[in-house]
Amino acid sequence: MIEAAFAHHGLPWRYVNMEVSPKELGDAVRGARAMGFRGFNCSLPHKVSVISHLDGLGESAAVMGAVNCVVRRDGKLIGENTDGKGFLRSLAELIDPRGKSVVLFGAGGAARAIAVELGLAGTRRITIVNRSATRARELVAVLRDKLQVEAEFVQWPGDYTVPADTAIVINGTSIGLYAPKARLPLDAASLQPHMVVADVVFSPVRTAFLQEAAARGCRTLDGLGMLVNQGVIGVQYWTGIDPDVTVMRRALESALGV
Ligand code: NDP
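In this text, all values refer to a predicted model and were calculated from it rather than measured experimentally.

Teacher, can you tell me more about the site of the ligand here?
Taken together, the neighbourhood of the ligand is formed by 22 residues, with Ala110, Asn130, Arg131, Ser132 and Gly223 sitting nearest. Between Ala110 and the ligand, the recorded distance is 2.8 Å, taken from a backbone N or O atom to an oxygen atom. Considering the ligand on its own, with 920 Å² of exposed area, one finds that the protein chains cover 76% of that surface. Elements represented by at least two residues in the shell around the ligand include exactly helix H5 (109-120) and helix H8 (223-239).

Have a look at this one:
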């Protein structure tokens, strides 16, 4: 998808996948610096440990303490997090989260990135529903203390009932990934047509959760939108151009075979 954008916009650039072991991460970043890379993405397990090799952090990456995109600015390597930004850009097609109430299932990396960006965008209340407590409580503390969001943790109580005043419901867990029939434990009857329902899972694109929400009249957002838009933002950071989203989504769909 990134190289499709480069080709479409006539940029003679490359985006190359490289596997880096944790013990060689420092050497890899020094290599990228020495070779004049405009930047790079980094994935698990490097999203936190890469920070000690960088010169600074963007706002949301500093709040969440995780980096998935590095950008060279004025000769310095700056860590950004484009996962949550990609989600918000995709969400903006349907709703402005400012002042709204959100239910977010999950407290892992994806949920954390989304919650922090929602907080920075002025979301009023975020309820984190998660199976285990530790990461969820940490995330609630970040939202309350650093972003002044009304945040609470609900330990997943079997089938969760979404409060009627919720505007946005998000699956930020891996439930449904490569599992078209996997069910998110919630009372589906509590999903109402005024709610926007989103899923971070991108394979399958139409998860069981999104199908259920659409059947109840909700507007839905699939995980491909987040994935494409984090790529769009990366290309913007590195090249300064606004890439064609449709070209990138098509390339991604073709790569994923969907
Ligand atoms: P993590 O491993 O960091 O977090 C996983 C989350 O899912 C945790 O909250 C975990 O709960 C929860 N979970 C997993 N299985 C269950 C279950 N059976 N029941 C209840 N809760 C469960 O993963 P990530 O946050 O990195 O990724 C989550 C998903 O987001 C993946 O499917 C990934 O592919 C997708 N993703 C999509 C992106 C996109 O651009 N669309 C970008 C990044 C990720 P607990 O804390 O209790 O373990």
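From this point, the discussion proceeds with the structure in view.
When you look at the pairing of strand E5 (residues 101-105) in this model, what are you seeing that I'm missing?
Side chains on a regular strand alternate between the two faces of the sheet. Within E5, five of the five residues are buried, which leaves the element mostly enclosed by the surrounding structure. Of the two faces of E5, the one carrying Ser101, Val103 and Phe105 and the one carrying Val102 and Leu104 are both buried. In the sheet, E5 pairs with strand E8 (residues 168-171) via four bridges, with the strands oriented parallel. Opposite Val102, over in E8, you have Ile168 as the bridge partner.

How should I be thinking about the sheet that holds strand E9 (residues 196-199) in this particular structure?
Read across the open sheet, the six strands follow the order E7-E6-E5-E8-E9-E10; overall the sheet is parallel. Unpaired on one side and paired on the other, strand E7 (150-155) and strand E10 (219-221) mark the two borders of the sheet. If you compare each strand with its neighbour and ignore which way they point, the axes differ by 15° on average. For strand E6 (residues 125-130) and E7, the ladder comprises six bridges, and the chain directions are parallel. Among the inter-strand pairings, Asn130 is bridged to a residue of E7, identified as Gln155.

Would you mind showing me how to read the nonpolar core here?
Grouped burial of nonpolar side chains is what soluble globular proteins tend to show. Core analysis: the largest hydrophobic core is formed by 36 residues, its most contacted members being Phe87, Leu91, Leu118, Ile126, Ile128, Leu143 and Ile170. With 16 residues, the next largest nonpolar core counts Leu186, Val197, Phe209 and Ala213 among its residues.

I'm lost on the packing of aromatic side chains in this one. Help?
Two numbers describe a pair of aromatic rings. These are the distance of the centres and the angle of the planes. Taken as a whole and judged by the stated rule, the model has four aromatic pairs. Here the aromatic rings of Phe6 and Trp13 are separated by 5.6 Å at their centres, their planes lie at 45°, and the arrangement is tilted. Overall, Phe6 belongs to the buried group, its relative accessible area being 2%. In this structure Trp13 comes out as partly exposed when scored by relative accessible area, which is 30%. Ring centres of Tyr15 and Trp238 lie 5.9 Å apart, and the angle between their planes is 35°; on these two criteria the pair is classed as tilted. With Tyr15 in the loop between helix H1 (2-8) and helix H2 (25-34) and Trp238 in helix H8, the pair connects residues that are 223 residues apart, well separated along the chain. On the basis of relative accessible area, Tyr15 is assigned to the partly exposed category, the value being 28%. For Trp238, a relative accessible area of 4% translates into the label buried. Members of the aromatic cluster, each reached through a chain of ring pairs, are Phe105, Trp156 and Tyr160. Stacked on the ring of Tyr237, the Lys or Arg Arg73 has its end atom at 5.0 Å from the ring centre.

When you look at the sheet that holds strand E2 (residues 56-57) in this model, what are you seeing that I'm missing?
Two strands in a sheet stick together by hydrogen bonds in their backbones, pointing the same way (parallel) or opposite ways (antiparallel). Taken together, the four strands give an open sheet; going across it, the order is E1-E3-E4-E2, and neighbouring strands pair in mixed fashion. At either margin of the open sheet sits one strand with a lone partner, and together these are strand E1 (39-41) and E2. Those strands touched by H8 are E1, strand E3 (69-73) and strand E4 (76-80), and its axis lies near 15° from that of E3.

Is there a simple way to explain the side chain of Lys47 in this structure?
Residue placement: Lys47 occurs in the loop between E1 and E2. Side chain to side chain, Lys47 and Asp83 meet in a polar contact 3.2 Å long.

Even after reading the chapter, I still don't get the pairing of E3, so can you show me in this structure?
In the sheet, E1 pairs with E3 via three bridges, with the strands oriented antiparallel. Of the residues in E3, the one forming a bridge with Phe40 is Val70. Hairpin connection, E3 to E4: the antiparallel pair is bridged by two residues, and Asp74 has positive phi, about 50°.

Cut-offs and rules
Residues numbered from 1 in each chain as written. Predicted model: local features only at pLDDT ≥ 70, side-chain atom pairs only at ≥ 80, totals over all residues. Heavy atoms only, no water. Near = heavy atom within 4 Å. Polar contact = N/O pair within 3.5 Å; in protein donor to acceptor, adjacent residues only side chain to side chain. Areas by Shrake-Rupley, 256 points an atom, 1.4 Å probe, with all protein chains shown as cover. Helix = DSSP H or I, 4+ residues; strand = E, 2+ residues; numbered from the N terminus. Buried < 20%, exposed > 50% of the residue type's maximum accessible area, 1.4 Å probe, protein only. Pairing = 2+ DSSP bridges. Axes fitted to C-alpha atoms, helices over the stretch in contact; angles between N-to-C directions. Core = buried A, V, L, I, M, F, W, Y, C linked by side-chain atoms within 4.5 Å. Phe/Tyr/Trp six-rings, centres within 6.5 Å; stacked < 30°, edge-to-face > 60°. Lys NZ or Arg CZ within 6 Å of the ring centre and 35° of its normal. Contact = heavy atoms within 4.5 Å.

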